[in-house]
Amino acid sequence: QVQLVESGVGLVQAGGSLRLSCAASVLPFSSYHMGWYRQAPGKDREFVGAISGSGDNTYYLDSVKGRFLISRDNAKNTVYLQMNSLKPEDTADYCCAADRSMNLIRRGYGLDYWGKGTLVTVSS
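Below is a summary of the structure that appears in this document. (Residues numbered from 1 in each chain as written. Predicted model: local features only at pLDDT ≥ 70, side-chain atom pairs only at ≥ 80, totals over all residues. Heavy atoms only, no water.)

Details of the pattern of salt bridges
Two side chains bearing opposite charge may form a pair once their charged atoms approach each other closely. By the definition in use, this model includes four salt bridges. Of the charged contacts in the structure, one is a salt bridge between Asp90 and Arg38, with a shortest N-O distance of 2.9 Å. Taken together, the positions of Asp90 in the loop between β8 (78–83) and β9 (92–99) and Arg38 in strand β4 (residues 33–39) put the pair 52 residues apart, joining distant regions of the chain. Across the pair, exposure class does not vary: Asp90 and Arg38 are buried alike. Each member of the salt-bridge network shares a partner with another, and the members are Arg38, Glu46, Arg67 and Asp90. (Salt bridge = Lys/Arg side-chain N within 4 Å of Asp/Glu carboxyl O. Helix = DSSP H or I, 4+ residues; strand = E, 2+ residues; numbered from the N terminus. Buried < 20%, exposed > 50% of the residue type's maximum accessible area, 1.4 Å probe, protein only.)

Okay, here's the thing in structure tokens:
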């Protein structure tokens, strides 16, 4: 059974950093593009960023560019979301997803696999 499991739940002060991990059992992992999404209370889920299967290409939500960095380790079947200079408005439930289509990853729907999410709270 395919699983995506996020880790790195945390409470951090504004200006701080946090790294989320998403361990995937999809195989072959390098064939799957990976995306990160977040949903704040009372808001729709939004695309945060994505990384191609090879790791050569990344895409980001404008509001996180320069602060967040997505990377992956295909040997460990894991994708990471490094979040720096965190702001209270970054508070949300963050989840990862996997799909063979980067178009779908960037749109955030119709994806093959989703994680359950992990909560990130940024205090002011």
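And the narrative resumes.
Things to note about the sheet that holds strand β3 (residues 18–24)
Taken in spatial order, the four strands make up an open sheet running β1-β3-β8-β7, and their pairing is antiparallel. Edge positions in the open sheet fall to β1 (4–7) and β7 (68–73), since each of these has one partner strand only. For this sheet the average axis-to-axis angle between neighbouring strands, irrespective of direction, equals 15°. Across six bridges, β3 lies against β8 in antiparallel orientation. Looking across to β8, one finds that Cys22 is bridged to Val79. (Pairing = 2+ DSSP bridges. Axes fitted to C-alpha atoms, helices over the stretch in contact; angles between N-to-C directions.)

Some details on unusual backbone geometry
Residue Pro28 is bonded to the preceding Leu27 through a cis peptide linkage, with omega at -10°. For Ser85, which is not a glycine, the phi torsion comes out positive at approximately 50°. Locating Ser85 in the fold gives a position in the loop between β8 and β9.

Side note on the packing of aromatic side chains
For the structure on display, the rule yields three aromatic pairs. The interplanar angle of 55° and the centroid separation of 6.0 Å between the aromatic rings of Tyr32 and Tyr113 together place this pair among those described as tilted. Highlighted residues: Tyr32 in the loop between β3 and β4 and Tyr113 in strand β10 (residues 113–114), separated in sequence by 81 residues. Overall, the relative accessible area of 27% leaves Tyr113 in the partly exposed class. Measuring from ring centre to ring centre gives 5.9 Å for Tyr37 and Phe47, while their planes differ by 65°; the resulting arrangement is edge-to-face. Of the two residues, Tyr37 sits in strand β4 while Phe47 sits in strand β5 (residues 46–51), which places them ten residues apart along the sequence. Taking the relative accessible area as the measure of exposure, Tyr37 reaches 1% and is therefore buried. On the basis of relative accessible area, Phe47 is assigned to the buried category, the value being 17%. Pairwise contacts between aromatic rings join Tyr37, Phe47 and Trp114 into one cluster. (Phe/Tyr/Trp six-rings, centres within 6.5 Å; stacked < 30°, edge-to-face > 60°.)

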